[in-house]
Amino acid sequence: MSYVSGFLQAVPNANKAAYKAMAEKGWAIFKDYGCLSLRENWGVDVADGKVTSFPMAVKKKEDETVVFSWMEWPDKETCDKAWEAMMKDPRMAEMGEMPFDGMRMMWGGFEPLVTLDRSA
């Protein structure tokens, strides 16, 4: 069964190109460790909430945009082994400083429950 690593973060608008470059650089590493796909999504219609919302969750500032991302893996075991190995991979250290505040980033691992697409 496939497995998904999901991420949510606020990225300064001025760092959009740097974030995109970081994601593309990361993909070269992630796929070497078995990642099947990577999706980085720049927020366009992400409303502030009254009780909870994506912007509130990442403590979004006025000059930032919410980014919602996920990576698909063949299974949890592959994902777990990949993250452990990637943290020791020198290419990760060469990625440089993140173009966003990592303290406000959140992530988690998910088992797909329902997958529907046009090919089904």
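Bear in mind the structure is a predicted one, so any value in this text is a computation, not a measurement.

Observations concerning helix α1 (residues 16-32)
Under the 1.5 Å per step criterion, the end-to-end length of α1 is 25 Å for 17 residues, consistent within 8% with the ideal 24 Å. Its maximal kink placed at G26, α1 deviates by approximately 25°. For α1, the full list of buried residues reads Y19, M22, A23, G26, I29 and F30. For α1, the elements touching its buried residues are β1 (3-12), β2 (37-42), β3 (64-73), α3 (76-86) and α4 (90-93). Following α1 by one or two positions, G34 adopts a phi angle in the positive range, close to 105°.

Some points on the sheet that holds strand β4 (residues 106-110)
With antiparallel pairing, four strands are arranged side by side in an open sheet as β2-β3-β1-β4. Among the strands making up the open sheet, the edge pair consists of β2 and β4. In this sheet, neighbouring strand axes are inclined to one another by 15° on average, regardless of whether the strands run parallel or antiparallel. Bridging between β2 and β3 involves six bridges; their strand directions are antiparallel. Counterpart to E40 in the pairing with β3 is S69.

A short note on unusual backbone geometry
Not every positive phi belongs to a glycine, and K59 is a case in point at roughly 55°. With respect to the helices, strands and loops of the structure, K59 is situated in the loop between α2 (54-57) and β3. A relative accessible area of 60% places K59 in the exposed class.

Parameters and conventions
Residues numbered from 1 in each chain as written. Predicted model: local features only at pLDDT ≥ 70, side-chain atom pairs only at ≥ 80, totals over all residues. Heavy atoms only, no water. Helix = DSSP H or I, 4+ residues; strand = E, 2+ residues; numbered from the N terminus. Expected span 1.5 Å × (residues − 1). Bend = angle between axes of the 7 residues up to and from the residue. Buried < 20%, exposed > 50% of the residue type's maximum accessible area, 1.4 Å probe, protein only. Contact = heavy atoms within 4.5 Å. Pairing = 2+ DSSP bridges. Axes fitted to C-alpha atoms, helices over the stretch in contact; angles between N-to-C directions.

This is a description of form; function is not addressed.
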